[in-house]
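Survey of secondary and tertiary structure
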Amino acid sequence: MMHIVLVEPKIPQNTGTIARLCAATNSQLTLVGPLGFSLEDKYLKRAGLDYWEHVSWTHVPNTKQFFETQVNQILPPFLLSSKSKKRYTDVKFSQNQMLIFGSETEGLSEEIKSSYPSQCITIPMMNPNIRSLNLANSVSIVLYEAIRQID
C-alpha cells in the first residue's frame, strides 16, 4: 500500500480528487496540519464523490508532530518539490512508500525539505514560465510511476 501525504492542502477539490485516486489504488491518505477548508466542505465531498467510504485516511492536525513521529517508520519518504533536480523517474519506489506533497500555494517548507535533502524529487516541466503542476495531477503522476515500478 502506498502512502500519500498532503501537507496543509488548501483546495478541497484537489483533496477530494486525490482521495478518489487513493481509493482506486488502495493507497493510504494522510492530511497533515491545518487545512484550507473544512472536512465537511461540499466541494471536498463532491470531488471525492461517494468514494470517501473506500478511502483509508486520517488527519494529523500538527505538522511538526507528524514529521517527528510518523515519517521514516518503514522507509525514508520521498518529498515532491519543484526545486529539486532529481526526477521522480530516477528513484526506486518501494511497497509502502510515503510520498509527501506540499500545499498548492506554498509547496513544502524549506525546513521540511532540508530535513530530507536526498529524498526530494521533482516532476520536470519543459516550460520555464510554469512554476508547478496541479497538486492532484502531481500525485497521480508520481503514484502511478511508483505502482508501475512495484508491479
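This text gives an overview of the structure that appears in the document. (Residues numbered from 1 in each chain as written. Predicted model: local features only at pLDDT ≥ 70, side-chain atom pairs only at ≥ 80, totals over all residues. Heavy atoms only, no water.)

1. A closer look at the layout of surface pockets
Where we set the bar: Points on a 1 Å grid over protein atoms alone make up a cavity when a 1.4 Å probe fits among them but cannot get out, and a pocket when they form an open set with protein on both sides within 12 Å along at least five of seven lines; lining residues each have an atom within 4 Å of a point. Grid points are joined across faces, edges and corners, and a volume is the space filled by probe spheres set on the points. Helix and strand assignments come from DSSP, with helices taken as H or I runs of at least 4 residues and strands as E runs of at least 2, each series counted from the N terminus. By the convention adopted, Pro, Cys, Tyr, Trp, Phe, Met, Ile, Leu, Val and Ala count as nonpolar, Lys, Arg, Asp and Glu as charged, and the other residues, Gly among them, as polar.
Roughly 570 Å³ of volume is contained in the largest pocket. Of all the elements in the fold, those that place two or more residues in the lining of the largest pocket are helix 4 (110-115) and helix 5 (135-150). Looking at the lining of the largest pocket residue by residue, the classes come out as 7 nonpolar, 10 polar and 6 charged. In terms of lining residues, the second largest pocket is bounded by Thr63, Lys64, Phe67, Glu68, Ser109, Glu111, Ile112, Ser115 and Tyr116. Of all the secondary-structure elements, those providing two or more residues to the lining of the second largest pocket are helix 3 (63-69) and helix 4.

2. Some words on the pattern of salt bridges
Any two side chains of opposite charge can pair, given that their charged atoms come close. Convention followed: The rule for a salt bridge is simple: a side-chain nitrogen of Lys or Arg has to be within 4 Å of a carboxyl oxygen of Asp or Glu. Relative accessible area decides the class of each residue, using a 1.4 Å probe on protein chains only: under 20% of the type maximum gives buried, over 50% gives exposed, and in between gives partly exposed.
Under the counting rule described, the total for this entry stands at 3 salt bridges. Among the ionic pairs, Glu68 bridges to Lys64, the shortest N-O distance being 4.0 Å. Note that Glu68 and Lys64 are positioned in helix 3 at a spacing of 4 residues, about one turn of the helix. Of the two residues, Glu68 and Lys64, neither departs from the other in class, the shared state being exposed. Between Lys113 and Glu110 there is a salt bridge, with its nearest N and O atoms 3.0 Å apart. In this pair, Lys113 and Glu110 are both assigned in helix 4, 3 residues apart and thus about one turn of the helix distant. For Lys113, a relative accessible area of 11% corresponds to the buried category. Residue classification places Glu110 among the exposed residues on the basis of a relative accessible area of 55%.

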